[in-house]
Amino acid sequence: MLESRNQLLDLSGISLLTVRAFLLFALTAFLLGAVTLSQAQETSRPFSKVVAEWNRSLDNAQRYVDDPVHFEERNREYRNRLANIRAEAQAAAEVASAEIVQLQNLLDALGPAPVADGPDEKPEIAKQRNKYGEDIAFYRARVAQAEVAVARAASLSTTLADLSRAELLSGLLQVNPIPLAPKTISRAVPEFFTTAKTLVRIPVTWWSGLAADMRSSMIFLRVPLFLVLALLVGWAVRFLTVKYLGRDATIEEPTYARRLVGAIAESVSRGIFPALILLVILLRITSDDAVIAGPFAIVLAALCKALILFVLAWALPRAALAPDLPSWRLTVLTPDGASSLSHRITVLAAIVSIGAFFDGAVEALAPGQQFGQEAEALYRFIFHTIIAAGLLAILQPRLWRIDAEAARKRGEEDDISSELPLTRSRFWRAVHGLFVLFSVSAFVASAIGYGQLGSYFIKSLIVTGLIGGGLYLVRGLLRETVAVVLRSALISQKLAVQYSTRRLAKFWLRVLLDVLIAISAVFLIAPAWGVPSEDLTLGASELLQGFTIGNVTISLLDFAIAVLIFMLVIVLTRAGQRGLAERILPETQIDVGLQHSLSAGFGYVGVVIAAMLAVSAIGLDLTNIALIAGALSVGIGFGLQNIVNNFVSGLTLLVERPIKVGDWVVVGEQEGIVKRIQVRATEIETFQRTSVIVPNSAFLQEPVINRTHKDSMGRIEVPVGVAYGSDTAKVEQILVDVAKENPKVAAWPEPFVLFMNFGDSSLDFELRCFCPNVFDTFRAGSELRFAIDRAFRRSGIEIPFPQRDVHLKDIGRLEQMFRPSRDATKE
């Protein structure tokens, strides 16, 4: 039971991602349908009214720009409206331009207009020509009006962006009193105590203003009942979440997906659900029929917001760092580092929450009771100093060191989980340095009187950290999902994607994910640093819609769609090849080589179709095909001749089929079995199990021996010599009988024996027989030699050794030279 639960949890992260992707797709489809319906409704209106509305909005925006007083919210509203006008005007211009193209084609189909001195054309043709000309002029006027609206909207958007940046800069550079100046301190301290007393009296004042029955109801009924209900529901949610999705200490090495699910379960039980309870309280407090109202409602709402912030900031990092269970940690930080980070983040979250509560609670006071400039400057300085110190404490490099042993145990998962190697990665060192720089800058800015600038740095750093941490976890989940999908049976077996291809696809998909995560980080983090999201959206829209260079429009969106179409068609082609090779073609009893040729041809056709669809999606203009062909011919002449030659040779091999997969061929010095015929080269596997890549052109330019071209029958030749004096007829009979007894030898053509020669030492015979399967000739030949040796031994037929007779001249003289003399013998 436990094991099945863990297996289920291993896939729960991916299943959750799938559900989210489906919901996102459904939401996107709904929004696209709504936009389409809206556009349809817009186009149903007269174009003159649409232009009038554009001009009214543009005039209002111009008057607002000319007004010396501006507000950031109004700036954002006007910029959103201007962005909508630009989108509508561009769409209208595109529609009108398409109509002009169609009308121009119709006008060109009528032929050239008659010259002044020439014959008149038929009245109906002249009428049609005039109508087309008037329609073209009408739509050109529409294009001009739309382009004017686009230009005005763009200019006003730029002006509003400049105003927003100027206002932001002026606010950040606003000078406040020096917080540590004696004069500032002497005025700020009494204001602190006065404000604190006023805040404390707010709930007392509210309570004293309640009726007696309302007090009893709140003390004995409403508050206790709500607290008991919240505790029961919270306990039940925590119990079920931890039981079915929580961390299991018995699992020593959980996968990243399982660790992430455990972290999410901890986050939900410890942080998200308590935050939801506080959110319900907050919504109840801020509702119109709430019992609590007035300044106390503002204070209580600020308290709820601060508690929500603290609960989430405490629970989420603790769930990710898992200081008590190192094996369940989402990163491979050292245990001491993870524990210290968890404690320091908790302390920092408490400080930030206190500051957030104080900022919100002060709004309940009357303008005369709030902080003055001196108290505001001193408060910002103290708060920013503590926050900066906390950030610097968290950013200490020793806390972010990697646990080398845990990294080795996780192996490939280190890459999947993408730990934070601050000591090894330049990117993370740069991020660390920037955080340190801005933390110190916040302290310095507050110390010299630029409290708004210090607040800007602190808030931006906190938002950046939260968003970056969330995207970091999402990145790890997506990278794990890519690895799991590419390891699945669908990819590795049914689609027959090779390991090297899957590994390459995993690399590039992860690169694409990193790019998407980086883009998301820019869009989410940039507004926290004062960059309007409208600017980012507008820039991204212009980049995706395309930019024009000369007569060529380059659109990243079209390019991305083309790549997706190409990949999708290639995947479908591979699936079709797999189906042909394994299910359809084997049932047709077609030759195996022809089956491979058909499957390969199907793949080539799929690649061509994928390329054509991709080119069509990009929208390339191929009317100047002659120029393209000329450029290709030059390239072929200089550097692509061999490649094209091999490509054409590969197509010829597939069509004429002089060789096919499974053939035993000899080309040049290479001999082996054809394993694969590709576009450029053919793979041959030798009998030593070595792969040889032979260019396709070699099979057409050189003589090729194909032992299995027409049939698979092969001849076996066994030369043998017997001693002089042997019975030649008996030798012949023995050889024929041995061949007939071997099951691998064909009965027809019948085996026969040739008396080849009178050799120097033997009578030379040669047994010739045929084998139905040429691939059995080696083994059959060896069996025949063993059988011949046994038969000759039984029959007393000798296979002689090579013999040589050596005759020496002047043998007598040589004997005298080497014989010892008599005198020497006597001595």
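Please refer to the structure higher up on the page.
Criteria and thresholds
- Residues numbered from 1 in each chain as written.
- Predicted model: local features only at pLDDT ≥ 70, side-chain atom pairs only at ≥ 80, totals over all residues.
- Heavy atoms only, no water.
- Helix = DSSP H or I, 4+ residues; strand = E, 2+ residues; numbered from the N terminus.
- Buried < 20%, exposed > 50% of the residue type's maximum accessible area, 1.4 Å probe, protein only.
- Contact = heavy atoms within 4.5 Å.
- Areas by Shrake-Rupley, 256 points an atom, 1.4 Å probe, with all protein chains shown as cover.
- Pairing = 2+ DSSP bridges.
- Axes fitted to C-alpha atoms, helices over the stretch in contact; angles between N-to-C directions.
- Parallel < 35°, antiparallel > 145°, perpendicular 65-115°, else oblique.
- Nonpolar A, V, L, I, M, F, W, Y, C, P; charged D, E, K, R; others polar.
- Patch = residues over 30% accessible without salt bridge, like charges linked within 9 Å, V, L, I, M, F, W, Y side chains within 5 Å.
- Salt bridge = Lys/Arg side-chain N within 4 Å of Asp/Glu carboxyl O.

## A word on the overall build of the protein
- Along its length, the protein carries 25 helices and 10 strands.
- Here the protein, with 827 residues, has 35% of them falling under the buried criterion.
- When contacts within the protein are restricted to residue pairs at least 6 apart in sequence, those whose partners lie at least 24 apart make up 70%.
- Carbon and sulfur atoms provide 64% of the accessible area of the protein, an area that totals close to 49,800 Å².

## Focus on the side chain of Ser-446
- Tracing the sequence through the fold places Ser-446 in helix H13 (residues 426-447).
- Not counting chain neighbours up to four residues away, the residues in contact with Ser-446 comprise Pro-179, Arg-380, Phe-381, His-384 and Gly-454.

## What to know about the sheet that holds strand E10 (residues 763-771)
- The 3 strands lie next to each other as E8-E10-E9, forming an open sheet whose pairing is antiparallel. Across the chains shown, the open sheet's two edge strands, defined by having one partner strand only, are strand E8 (714-722) and strand E9 (752-758). Going across the sheet, the axis of each strand differs from the next one's by a mean of 25°, ignoring polarity.
- In this sheet, E10 lies alongside E8 in antiparallel orientation, the contact comprising 9 bridges. Along E10, the bridge assignment pairs Val-720 with Phe-765.
- Here helix H22 (residues 728-741) sits on the sheet and contacts E8, E9 and E10; the angle it forms with E10, its principal contact strand, is near 20°.
- Its contacts with the sheet place helix H23 (residues 777-795) against E8 and E10, and it is angled at close to 25° to E8.

## Here's the deal with the sheet that holds strand E5 (residues 681-685)
- The strand order across the open sheet built from 5 strands is E6-E5-E4-E3-E7, with neighbouring strands paired in antiparallel fashion. Taken across any chain shown, the strands that pair with only one partner, and hence form the sheet edges, are strand E6 (691-695) and strand E7 (704-706). Each adjacent strand pair in this sheet contributes to an overall mean axis angle of 40°, direction not counted.

## Here's the deal with unusual backbone geometry
- For the bond running from Trp-748 to Pro-749, omega is -5°, close enough to zero to count as cis.
- Within the secondary structure layout, Pro-749 lies in the loop between H22 and E9.
- Even without glycine at this site, Ala-322 takes up a positive phi of about 45°.
- Relative to the helices and strands, Ala-322 resides in the loop between helix H8 (295-321) and helix H9 (335-362).
- Relative accessible area serves as the criterion here: at 2%, Ala-322 is assigned to the buried category.

## Comments concerning the environment of Asn-130
- Positionally, Asn-130 belongs in helix H4 (residues 123-172).
- Relative accessible area serves as the criterion here: at 49%, Asn-130 is assigned to the partly exposed category.
- Sequence spacing of Asn-130 and Leu-107 is 23 residues, and the spatial spacing of their C-alpha atoms is 9.3 Å.

## Considering the packing of helix H5 (residues 182-208) against helix H10 (residues 373-394)
- In the contact formed by H5 and H10, the axes pass within 8 Å of each other and the chain directions differ by 90°. Taken as axis vectors, H5 and H10 run roughly perpendicular relative to one another. Taken together, the residues of H10 that come into contact with H5 (itself represented by Thr-184, Arg-187, Ala-188, Glu-191 and Phe-192) are Glu-374, Ala-375, Leu-378 and Tyr-379.
- The residue makeup of the contact of H5 with H10, split by class, is 5 nonpolar, 1 polar and 3 charged.

## Structural notes on the environment of Thr-481
- For Thr-481, the position within the fold is in helix H14 (residues 451-487).
- In this structure, the C-alpha to C-alpha distance between Thr-481 and Tyr-256, residues 225 residues apart in sequence, is 9.6 Å.

## Describing a nonpolar patch on the surface
- Among the surface-exposed residues, Leu-509, Leu-512, Val-515, Leu-516, Ile-519, Val-522 and Phe-523 lie close enough to one another that they form a single nonpolar patch of about 550 Å² accessible area.
- Within the secondary structure, Leu-516 sits in helix H16 (residues 499-525).

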